[in-house]
Amino acid sequence: MTASAGVRRRIDALRSEIEQHNYRYYVLDEPTVPDIEYDRLMHELQSLEAVHPDLITSSSPTQRVGAKPESAFGSVRHAEPMLSLNNAFADADVEDFDRRARERLDLEEIDYVVEPKLDGLAVSIHYEAGLLVRGATRGDGVNGEDVTLNVRTMRSVPLRLLGSDFPASLEIRGEVFMSKQGFAALNDRQRKAGEKLYVNPRNAAAGSLRQLDPQVTANRPLEMFCYAVGRVADGDVALTQAQVLDCLQRWGLRVCPENLVVSGAQGCLDAYRVILNKRDALPYEIDGVVYKVNRVDQQQQLGNISRAPRWALAHKFPAQEKRTRVAGIDVQVGRTGAITPVARLDPVFVGGVTVSNATLHNPAEIERLDIRIGDAVVVRRAGDVIPEVVSVIKEQRPAHTRKFRFPTRCPECKSEILYEGEGIIARCSGGLYCDAQRKESIKHFASRRAMDIEGLGSKLVEQLVDEECIRDVADLYGLSIDKLVALDRMGPKSAENLLSAIDRSKHTSLARFLFALGISQVGESTAQALATTYPEFDTLMAADVEALQGIPDIGPVVAQSIRSFFDQDHNREVIDKLRAAGVNWPLTEVEQSSATPLRGMTFVLTGSMDNMTRDHAKRQLQSLGAKVSDSVSAKTDYVVTGDSPGSKLAKAHKLGVTVMDEEEFVEFLAKHRTA
Ligand code: D41
């Protein structure tokens, strides 16, 4: 049907009206029409477009959700690099930052915009002639992933800018995040559907934005706050950051309502406290604030230093602590039999995740804290570390608390518990007789950094051991379809997938295999060092304690532990069974072992990188012969920082250790790989 001018006008009017309502609802948070009225407008537009498909434009509000692309996301080069932020952890860092800026600008006082630092992911969105043409993740700051189709599904991102005073070509930067409420609702839905749960809003936002199917993203409660402009067609957008934020909001983009304009370092620190006090009440997670020199000309004068602006600074909030109650205390048996007491808590949301367990480390810690069941406690979670109980609020101890009696026998196999190191370590003496230890050692064997058997999770391992399908890791390679499908909740398809994952794991590397064996004291770095020194497995099994101690970073305790492991008949039996089942590693590793240009160097990785996991970075370094350590010391050669590096960065600065960001690190790896 050819459309009359009247139909065209009606379609235009409907689109404008719907865009206005979207803006009021998603950007200003001040809806002016009831949902039913909005739905009626949408419905009318959809009906008209159905009759006149030639009038559909990609910016029509009906066209947010596109079809699923064939393959993975393309790569996008940012017109201007997306910078990273330097971090401050203490007030003094903020004062230094302000002083340096004043010195450079030769000014008495500088005005700043203070913005809450959202815990999401940085994204760039690009408008041409007011139409959304591209959305990209930050990636390494230079290249990101093309997530246009997914960005289009976010209701707070206009497909068409409002007004007319926007530059013809405009790139905008902001943070994509999920509100606390949206995150809880999503996880609820996931739980009901038996799908995977996200650990925190940040992961949920990242996972949702990186869905291949935009239909999935469209159903995720993603939001975006904009905070900067990237490349613009004609000159600067405004004279100050505060004006930039105003412009963005006028054009229909959402801006954080908590942003403040302040003067001087003291103004910054006051705003920091104001926002910190609001933190829990805000509907989204923030992990600090960002200070930005307000005047754009001053920003330009200050410029950038290695990928971070000199005019901006992120000030992190301290590790989060929350109050809760100890509902119970019990113990967990680890892979090596170590018995760790765990406090079961009334769930609390702290540091971005819901915590319902906290480690009590060891029996001595229970004494030290004098923690009892029923106690009010403070729990802390910082970064990726396991939540722990910081203190007991003795003043609030209820009348009926119960002391925890540390068991004398293993809760799993009833073997006697023995103490080492003056009562610090409690260990089950059951060895491989203990089901808990066997389960843990199989879980470890299958884990991603070990044999990487996809689909073999905790629950399944426990089921396999409980049903007596397997007794040790070698039995995994003898599992059959029939045995698997007989298990609860295991269909033929999953069983088949699992068997092929098990089969794939046979081809591994010596270092992974050694790590997978779960030898006490042998982590990934040690396993790598062993594999490099002893590319022949049989020679390694025969090495004596003295020879083992000759390997860098292997001391008497580790050497003894390795020796004892290989001395035990049942361990040798399992190893023989594994090799007979076909577990193997390419011999080229012998050749590779000489290609270790980073030998003798120690690295510390901190913060999350955009384009590689920390595991991957670690393996890369180890494959080049470097050692990767957990803590920064005078012996550290390099600290590699991603987003939100923690105290390690501060320590590196203090000790004068060289710091690399992700981009420098990628270059560094490339250089040494070819060297
Ligand atoms: O809320 C944030 N997470 C946030 C991140 C923010 N409010 N402002 C930011 N400003 C910048 C500059 C100054 C470089 C434009 C940022 C980020 N960058 C940023 N996010 C991730 C890396 C850098």
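Given the structure is predicted, the values throughout are model-derived calculations rather than measurements. Position labels on residues start from 1 in each chain and follow its written sequence. Thresholds applied to this predicted model are a pLDDT of at least 70 for local features of residues and 80 or more for the giving and counting of side-chain atom pairs; totals over whole chains, interfaces and linings are not thresholded and use all residues. To get the side-chain values, take all heavy atoms of the structure and skip hydrogens and water.

**Regarding the overall build of the chain**
No. 1: Strands here mean DSSP runs of E at least two residues long; helices mean DSSP runs of H or I at least four residues long; both are numbered from the N terminus. When its secondary structure is counted, the chain shows 25 helices and 24 strands.
No. 2: The globule rule is 2.2 Å times the number of residues to the power 0.38, and the radius of gyration it is compared with is taken over C-alpha atoms. Radius of gyration (C-alpha) of the chain: 29 Å, near the 26 Å computed for a compact globule of 675 residues.
No. 3: Each principal axis of the C-alpha atoms in the chain carries an extent, and together these give about 85 × 70 × 65 Å.
No. 4: Three labels apply to residues, based on accessible area from a 1.4 Å probe with only protein chains included: buried if under 20% of the type maximum, exposed if over 50%, partly exposed otherwise in between. With 675 residues in all, the chain has 49% of them scored as buried.
No. 5: Here, residues are in contact when the closest pair of their heavy atoms is within 4.5 Å. Put simply, of all contacts in the chain between residues at least 6 apart along the chain, 68% involve residues at least 24 apart.
No. 6: Accessible surface computed for the chain: about 32,700 Å², of which carbon and sulfur atoms make up 49%.
No. 7: Here the positive residues are Lys and Arg and the negative ones are Asp and Glu; neither His nor the chain ends is included. Where a charge sits is defined by one atom per residue type, namely NZ (Lys), CZ (Arg), CG (Asp) or CD (Glu). Taken as two groups, the 84 positive and 95 negative side-chain charges of the chain have centres that lie 2 Å from each other. In these tables, accessible area is a Shrake-Rupley quantity obtained with a 1.4 Å probe, and a residue counts as shielded only by the protein chains included in the view.

**Remarks on the site of the ligand**
No. 1: When at least one non-hydrogen atom of a residue lies within 4 Å of a molecule or strand, that residue is treated as near it. In the region of the ligand, 16 residues are neighbours, and Leu-83, Glu-115, Leu-118, Glu-175 and Lys-292 sit closest.
No. 2: Between N or O atoms, a polar contact is any pair within 3.5 Å; within protein, one atom must be a potential hydrogen donor and the other a potential acceptor, and residues adjacent in sequence are included only when both atoms are from side chains. The separation between an oxygen atom of the ligand and a polar main-chain atom of Leu-118 is 2.9 Å.
No. 3: Between a nitrogen atom of the ligand and a side-chain N or O atom of Glu-175, the distance comes to 3.3 Å.
No. 4: Contact with the protein chains hides 91% of the accessible area of the ligand, taken as 490 Å² for the molecule alone.
No. 5: For the shell around the ligand, the secondary structure elements donating two or more residues are strand S3 (111-118), strand S8 (222-232) and strand S10 (286-293).
No. 6: With four residues, S3 is the largest single contributor of residues to the shell around the ligand.
No. 7: Throughout this entry, Asp, Glu, Lys and Arg are counted as charged residues, while Ala, Val, Leu, Ile, Met, Phe, Trp, Tyr, Cys and Pro are counted as nonpolar. The remaining residues, Gly among them, count as polar. Class assignment for the residues of the shell around the ligand results in 10 nonpolar, one polar and five charged.

**Looking at the sheet that holds strand S21 (residues 602-606)**
No. 1: When DSSP finds two or more bridges between a pair of strands, those strands are recorded as paired. Pairing within the open sheet is parallel, and its four strands lie in the order S22-S21-S23-S24. Only two strands of the sheet have a single neighbouring strand rather than two, namely strand S22 (627-629) and strand S24 (658-661). On average, each strand axis in the sheet is tilted by 30° relative to the strand beside it, whichever way the strands run. Lines fitted to C-alpha atoms define the axes, with helix axes restricted to the stretch in contact, and inter-axis angles between N-to-C directions lie between 0 and 180 degrees.

**Notes on the confidence of the model for the chain**
No. 1: Known as pLDDT, the predictor's confidence for each residue is given on a scale from 0 to 100. Residues at a pLDDT of 70 or more form 97% of the chain, whose mean pLDDT is 89.
No. 2: Taking the mean pLDDT of every element in the chain, the minimum, 47, falls on helix H22 (residues 588-592) and the maximum, 98, on S3.

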